[in-house]
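Residue-level listing of the chains:
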Amino acid sequence: MNMKHQKQLLTVLLMSVACMLQAQRSETLLEKNWKFSKGDFPEAAQTDYNDTKWESVVIPHDWAIFGPFDVNNDLQNVAVTQNFEKKASLKTGRTGGLPYVGTGWYRTSFDVPADKEVTLLFDGAMSEARVYVNGQKACFWPFGYNSFHCNVTPFLNKDGKKNTLAVRLENRPQSSRWYPGAGLYRNVHLIATDKVHVPVWGTQITTPHVSDEFAAIRLQTKIENAGEKTEIRIETEILSPAGKVVTRKENKGRINHGQPFEQNFIVNAPQLWSPESPALYKAVSKVYADNQLVDTYSTRFGIRSIEYIADKGFYLNGKHRKFQGVCNHHDLGPLGAAINVAALRHQLTLLKDMGCDAIRTSHNMPTPELVELCDEMGFMMMIEPFDEWDIAKCENGYHRYFNEWAERDMVNMLHNYRNNPCVVMWSIGNEVPTQCSPVGYKVAKFLQDICHREDPTRPVTCGMDLMVGLWDLEPQQWRGQVHLLGGGNGPWTSGTADDGALHILCANTSAYSGWEGPSNAAHYRFDGSTLEELASWDYYDEDYKAVPREGGLDLYSFNPQYEFQFHAPEYRGVPLPSQWVYSHFQTLA
């Protein structure tokens, strides 16, 4: 081969590599080169706005943790209805005494290749986020705890260069019962793909059969912008925890009416995920449209089975176990709400050392990094989205947006975390006042149906703290709405006993024992029309042991199947029994 032919061949190879690289997706964290200012600046969305005097910050960023602490930051004259208060009284420190209330703006710029589909993914933005690209409104998302994304392709400069991104955030007074943080306190991702691509959270992996001998894996992949005549080919490799290919498959087909592309695999002798052995696999899919590589998408997952059996309890991989869990608020105590993986890992390491194997995300969607760490370190999770539904706990709480936004928030949460093996159940709320509404069961059914529609593999629970009032309203309706009746801050369990009635055991096992009046527990029986208290307990005695109030029954003789101790790591706010700065509930500071 002469020199001329060698150069021609090299040119062709380089062009091929360039085309392949151009076809691949890119994902970038927008961490540096941000400008921030507290206050409201309507013109800040525009590309020519002068932000040179603003503060330079790195994302994630919590504008309020820097203080100063002040009793006036969250001074409230309120009656806390969930504590059965009838008369308003002056309170401070409910949100940590920190200046989270107000409006703030963030600005940065970014470049992307021309002619790409571009998506911004926010892991969380506190709160009422309004996102602008090159002066145009790209999206609005009110709930500060949820992840959300928006396609910003129509707003980009034609050459993809020097695009201005501006984000306005606003925290209203009396919008939270604890310290929520403020600002872009979680990561922001810039995702560029070809026009035909796998969207954000576009895969769903389930394991219809799991045994020591083999596991069946079902992978469903959504493809965006593929016409009905476009031939789609997906080559997928399943990688073991050691990174070796254990199975692969290639399938062809067409996308009909937006239905996902399905592939099925067998993994022999799988390594099963558990808290003791958190083995993680990866599915790597190459997507071809009319024989052209258009996307490569990776999905991490675990192989495990979960079962909840009446009168028996919870089974993981066919083995009975009880949850030894804690509740975990989203902030990092004195570090604030800005996500910090090292601090999260430190908290989880301490919890692991004390025997904890489960986390309840009280009472909101978690940051993705926490869920990833629970996958890796071996913690089972109950993910919980809401502290209120359509009836208020806080004057400016989520109830203002519930009717319009609850389904969208639930779908984002479920799509974000349904591939994580650590997630073993969903919660639809915590001690919501709606539980005492005559139509509260309908709201619960609405949320439960969303869970089952988007993820039929996991059960649904709900934290309820006013059981007697709930059963007095619509007992026969509520009975069917949740698989596990959960609530308060300790173990709640329910099941149908030999007498055909629904039996409920609830217990309060937290720092609530420091409140005025005793902590207590009770065993209820519901036969479809009458709720009967069979036994109850005061605790604690001088040795901090549960003492039967009547009937001589032992608290744990009814075999509660799970407990999530409230609370574990330190967090800001909910300062009972005192009225200042931080929670007194934590078992781990």
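Relevant structure appears above.
Here we summarise the structure given alongside this text. Remember, it's a predicted structure, so these values are computed and weren't measured experimentally. (Residues numbered from 1 in each chain as written. Predicted model: local features only at pLDDT ≥ 70, side-chain atom pairs only at ≥ 80, totals over all residues. Heavy atoms only, no water.)

## What about the layout of surface pockets?
It is the rolling of a water-molecule-sized probe over the atoms that shows where space remains empty. Counted only if it meets this: Cavity means a closed set of points on a 1 Å grid over the protein atoms alone, one where a 1.4 Å probe fits but cannot get out, pocket means an open set with protein on both sides within 12 Å along at least 5 of 7 lines, and lining means a residue has an atom within 4 Å of a point. Grid points are joined across faces, edges and corners, and a volume is the space filled by probe spheres set on the points. In this description a helix means any DSSP run of H or I spanning at least four residues, a strand means any run of E spanning at least two, and both kinds are numbered starting from the N terminus. Residues are grouped as follows: Ala, Val, Leu, Ile, Met, Phe, Trp, Tyr, Cys and Pro are nonpolar; Asp, Glu, Lys and Arg are charged; all remaining types, including Gly, are polar.
Each pocket or cavity is described by its volume, and for the second largest pocket that value is around 800 Å³. Along its surface, the second largest pocket is lined by 28 residues, and Trp 201, Tyr 297, Ser 298, Glu 372 and Asn 416 are the ones closest to its centre. Mapped by element, the contributors of at least two residues to the lining of the second largest pocket are strand 1 (26–29), strand 12 (188–193), strand 19 (292–301), helix 3 (368–377) and helix 4 (402–417). For the lining of the second largest pocket, the per-class residue count stands at nine nonpolar, 11 polar and eight charged.

## A look at the sheet that holds strand 1
The strands making up a sheet are joined through hydrogen bonds of the backbone, oriented either antiparallel or parallel. Put simply, the test is: The criterion for strand pairing is that DSSP finds at least two bridges linking the strands in question. Every angle, taken between N-to-C directions, lies between 0 and 180 degrees, and every axis is a line fitted to C-alpha atoms, over only the stretch in contact when it is a helix.
Overall, antiparallel pairing links the four strands, which are arranged 1-12-7-10 in an open sheet. Whereas interior strands pair on both sides, the edge strands pair on one side only; in this sheet they are strand 1 and strand 10 (148–151). Each strand axis lies, on average, 20° off the axis of its neighbour in the sheet, ignoring direction. Pairing geometry for strand 1 and strand 12, over four bridges, is antiparallel. Counterpart to Thr 28 in the pairing with strand 12 is Leu 190.

## Re the sheet that holds strand 18 (residues 281–289)
Read across the open sheet, the four strands follow the order 16-15-18-19; overall the sheet is antiparallel. The sheet is open, and its two borders are formed by strand 16 (245–253) and strand 19, each paired with just one other strand. Geometrically, the sheet is characterised by an average inter-axis angle of 15° between neighbouring strands, direction not taken into account.

## Some points on the pairing of strand 11 (residues 163–171)
We apply this condition: Note on classification: 1.4 Å probe, protein chains only; a residue is buried when its accessible area is under 20% of the maximum for its type, exposed when over 50%, partly exposed between these limits.
Taking burial as the measure, the nine residues of strand 11 include nine buried ones, the bulk of the element. Because side chains alternate across strand 11, one face comprises the buried residues Asn 163, Leu 165, Val 167, Leu 169 and Asn 171, and the other comprises Thr 164, Ala 166, Arg 168 and Glu 170, equally buried. Relative to strand 11, strand 6 (residues 102–110) is paired through nine bridges, and the arrangement is antiparallel. Within the sheet, the bridge partner assigned to Arg 107 lies in strand 11 and is Ala 166. The pairing of strand 8 (residues 129–133) with strand 11 spans four bridges and is classified as antiparallel. In the strand pairing of strand 11, Val 131 is matched with Val 167.

## Some thoughts on the pattern of salt bridges
Condition: The working definition used for a salt bridge is a side-chain nitrogen of Lys or Arg within 4 Å of a carboxyl oxygen of Asp or Glu.
For the structure shown, the criterion picks out 25 salt bridges. Here Asp 295 and Arg 25 are joined by a salt bridge, their closest N and O atoms 2.7 Å apart. Here Asp 295 is found in strand 19, whereas its partner Arg 25 is found in the loop between helix 1 (3–23) and strand 1, with 270 residues between them in sequence. Here Asp 295 falls in the buried class, since its relative accessible area comes to 0%.

## Description of the pairing of strand 23 (residues 323–327)
Defined as follows: Note on handedness: a clockwise path from strand one over the helix to strand two, with the strands aimed away from the viewer, defines a right-handed crossover.
Across the five residues of strand 23, four count as buried, placing the element largely inside the fold. Bridge count for strand 23 against strand 24 (residues 358–360) is three bridges, and the pairing is parallel. When the bridges of strand 24 are listed, Val 326 appears paired with Ile 359. Assessed by its sense of winding, the connection that carries the chain from strand 23 through helix 2 (residues 341–353) to strand 24 is right-handed.

## Some details on the packing of helix 4 against helix 5 (residues 440–454)
Selection criterion: Put simply, angles under 35 degrees are roughly parallel, angles over 145 are roughly antiparallel, angles from 65 to 115 are roughly perpendicular, and the rest are oblique. Left-handed is the label given to a crossing in which the near helix is rotated counterclockwise from the far helix by less than a right angle, and right-handed is the label when the rotation is clockwise. Residues count as neighbours in contact if any of their non-hydrogen atoms are within 4.5 Å of one another.
Between helix 4 and helix 5, the least distance of the axes is 10 Å, while the angle of their chain directions is 30°. Considering the angle they form, helix 4 stands roughly parallel to helix 5. Of the two elements, helix 4 crosses helix 5, and the hand of that crossing is right-handed. Touching Phe 402, Ala 406, Glu 407, Met 410, Val 411, Leu 414 and His 415 of helix 4 are Val 443, Phe 446, Leu 447, Ile 450, Cys 451, Arg 453 and Glu 454, all from helix 5.

## As for helix 2
We apply this condition: Take the residue count of a helix, subtract one, and multiply by 1.5 Å to get its expected span. Along the arc lie the directions from the helix axis toward the C-beta atoms.
The end-to-end C-alpha separation of helix 2 is 18 Å, in line with the 18 Å expected for 13 residues at 1.5 Å each. Within helix 2 the residues assigned to the buried category are Ala 343, Leu 344, Gln 347, Leu 348 and Leu 351. In a view along the axis of helix 2, the buried residues occupy a sector of 130°, so they form one face of it. Turned more than 90 degrees away from the buried face of helix 2 sit Ala 342 and Asp 353, all of them exposed.

## Remarks on the side chain of Asn 416
Applied cut-off: We call two N or O atoms a polar contact when they sit within 3.5 Å, provided that within protein one can donate a hydrogen and the other can accept it, with sequence-adjacent residues counted only if both atoms are side-chain atoms.
With respect to the helices and strands, the residue Asn 416 is situated in helix 4. Among the polar contacts made by the side chain of Asn 416, one reaches the side chain of Ser 147 at a distance of 3.3 Å. In this structure Asn 416 touches Ser 147, Trp 201 and Pro 368, once residues within four positions along its chain are discounted.

## Comments concerning the packing of aromatic side chains
For clarity, the threshold we go by: The aromatic pairing rule takes the rings of Phe, Tyr and Trp, using the six-membered ring of Trp, and pairs them if the centres are within 6.5 Å, calling planes under 30 degrees apart stacked, those over 60 edge-to-face and the rest tilted. Throughout this description, the term charge over a ring refers to an Arg CZ or Lys NZ atom that lies within 6 Å of the ring centre and within 35 degrees of the ring normal.
A full pass over the atoms with the stated rule returns 21 aromatic pairs. Arranged with centres 4.9 Å apart and planes meeting at 15°, the rings of Phe 386 and Tyr 398 form a pair that is stacked. Of this pair, Phe 386 sits in the loop between strand 25 (380–383) and helix 4 while Tyr 398 sits in the loop between strand 25 and helix 4, and the two are 12 residues apart along the sequence. Accessibility classification places Phe 386 together with Tyr 398 in one group, the buried group. Arranged with centres 6.2 Å apart and planes meeting at 90°, the rings of Tyr 398 and Phe 402 form a pair that is edge-to-face. Chaining the aromatic ring pairs together yields one cluster made of Phe 122, Phe 140, Trp 141, Phe 148, Tyr 401 and Trp 405. Positioned over the ring face of Tyr 288 is Arg 233, at 4.0 Å from the centre of the ring. The positively charged end of Arg 408 is found above the aromatic ring belonging to Trp 405, 3.8 Å away from the centroid.

## Structural notes on unusual backbone geometry
The phi angle of most residues is negative, glycine excepted, and most peptide bonds adopt the trans form. Residue Ser 127 is reached from Met 126 by a cis peptide bond, and omega for that bond is -10°. In this structure, Ser 127 sits in the loop between strand 7 (117–122) and strand 8. Here the bond from Ser 362 into His 363 is cis, since omega is -10°, no more than 30 degrees from zero. Assignment of secondary structure puts His 363 in the loop between strand 24 and helix 3. Even without glycine at this site, Ala 269 takes up a positive phi of about 45°. Judged by its relative accessible area of 54%, Ala 269 falls in the exposed class. Unlike most non-glycine residues, Asn 291 shows phi in positive territory, near 70°. For Asn 291, the location among the structural elements is in the loop between strand 18 and strand 19. In this structure Asn 291 comes out as exposed when scored by relative accessible area, which is 56%.

## A short note on helix 5
In a regular helix each residue adds 1.5 Å, so 15 residues correspond to 21 Å; helix 5 covers 22 Å between its end C-alpha atoms and thus fits that length. Residues of helix 5 that are buried include every one of Gly 440, Tyr 441, Val 443, Ala 444, Leu 447, Gln 448, Ile 450, Cys 451 and Glu 454, and no others.

In short, geometric facts, not functional conclusions.
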